[in-house]
Amino acid sequence: MDLALLYSGGKDSTLAALFLDSFYDVRLVTGRFGITDDWTRAEAAADRLGYAFEPVDLDRSVAEAAADLMLEDGYPRNGIQHVHEHALERAADLDVDAVADGTRRDDRVPTVSRAQAQSLEDRHGIDYLSPLAGLGRHAVDRLADETLRVETGPSAEVPKGDYETELRALLAAEHGTDAVDSVFPDHEQSYVRGMRDAE
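Worth saying up front: this structure is predicted, and the values here are computed from it rather than measured.

Procedures and definitions
Residues numbered from 1 in each chain as written. Predicted model: local features only at pLDDT ≥ 70, side-chain atom pairs only at ≥ 80, totals over all residues. Heavy atoms only, no water. Helix = DSSP H or I, 4+ residues; strand = E, 2+ residues; numbered from the N terminus. Rg over C-alpha atoms; globule rule 2.2 N^0.38 Å. Buried < 20%, exposed > 50% of the residue type's maximum accessible area, 1.4 Å probe, protein only. Contact = heavy atoms within 4.5 Å. Areas by Shrake-Rupley, 256 points an atom, 1.4 Å probe, with all protein chains shown as cover. Lys, Arg positive; Asp, Glu negative; His and termini not counted. Charge placed at Lys NZ, Arg CZ, Asp CG, Glu CD. Patch = residues over 30% accessible without salt bridge, like charges linked within 9 Å, V, L, I, M, F, W, Y side chains within 5 Å. Salt bridge = Lys/Arg side-chain N within 4 Å of Asp/Glu carboxyl O. 1 Å grid on protein atoms, 1.4 Å probe; cavity = no way out; pocket = protein on both sides within 12 Å on 5 of 7 lines; lining within 4 Å. Points joined across faces, edges and corners; volume = space filled by probe spheres on them. Nonpolar A, V, L, I, M, F, W, Y, C, P; charged D, E, K, R; others polar.

Engineer: Could you give an account of the overall build of the protein chain, naming the residues involved and the relevant values?
Structural biologist: From N to C terminus, the protein chain includes eight helices and seven strands. In terms of overall size, the protein chain behaves like a compact globule, its C-alpha atoms giving a radius of gyration of 16 Å where 199 residues would be expected to give roughly 16 Å. With the principal axes as the frame, the protein chain shows a C-alpha extent of 45 × 40 × 30 Å. Residues counted as buried form 48% of the 199 residues belonging to the protein chain. For the protein chain, contacts bridging at least 24 residues in sequence account for 78% of all contacts bridging at least 6. In the form shown here, the protein chain has an accessible surface area of approximately 9700 Å², with 44% of it arising from carbon and sulfur atoms. In the protein chain, the 20 positive side-chain charges and the 41 negative ones have mean positions that sit 5 Å from each other.

Engineer: Can you tell me about a negative patch on the surface, naming the residues and giving the values?
Structural biologist: Together, Asp-2, Asp-21, Asp-25, Asp-95, Asp-97 and Asp-127 give the surface a local cluster of negative charge. Note that Asp-21 resides in the loop between helix 1 (11-20) and strand 2 (25-32). The exposure class of Asp-21 is partly exposed, given its relative accessible area of 40%.

Engineer: So what's going on with the layout of surface pockets? Residues and values would help.
Structural biologist: Counted as a void, the largest pocket has a volume near 1300 Å³. Forming the walls of the largest pocket are 39 residues, and the residues nearest its centre are Asp-107, Val-109, Pro-110, His-187 and Gln-189. Breaking the lining of the largest pocket down by element, the ones donating at least two residues are helix 1, strand 2, helix 4 (77-92), helix 6 (137-147), helix 7 (163-175) and strand 7 (188-195). In terms of residue count, the dominant contributor to the lining of the largest pocket is helix 4 (four residues). Looking at the lining of the largest pocket, its residues break down into eleven nonpolar, 13 polar and 15 charged.

If you want it as structure tokens, here you go:
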């Protein structure tokens, strides 16, 4: 069975791929707005891990609406959620049996409610999976430490292929770097450099 997993190159989505690999032909997909080429970092991580990869074009208007939400709210939560839902829809349009993401039990954003998951499944005739939904941050960190070589650091500095980097670039271009700093709180990101057993 073919599965499209939303992929950023970070530890959560990489662990999700490893969980699903026994049951599906996993294809890692990264949404891109065409604002930057940061999606190629996710492609590089997928290549190092040996997974098929596909970029998925997202609507620029969704990025612009997300940026407006972030500025209005003063934080990124609703904007990121808006983009994630759009990316799942695009992944579900691919010729796959299932779509998945790396959301964890304690994630504040993005999240997919039971009703949203069922709607996605019913409208597209696919399954939605969230293999890390039962795992908290500490469990994910321990599993990642055991299996992956991971670079971590401030989100503005660690290379990653998710749509946050493009949203940051859009905000900076249209509203200045102060807008980016006012919307995005300091937080750590991860980027997978490979498997530990490949060292």
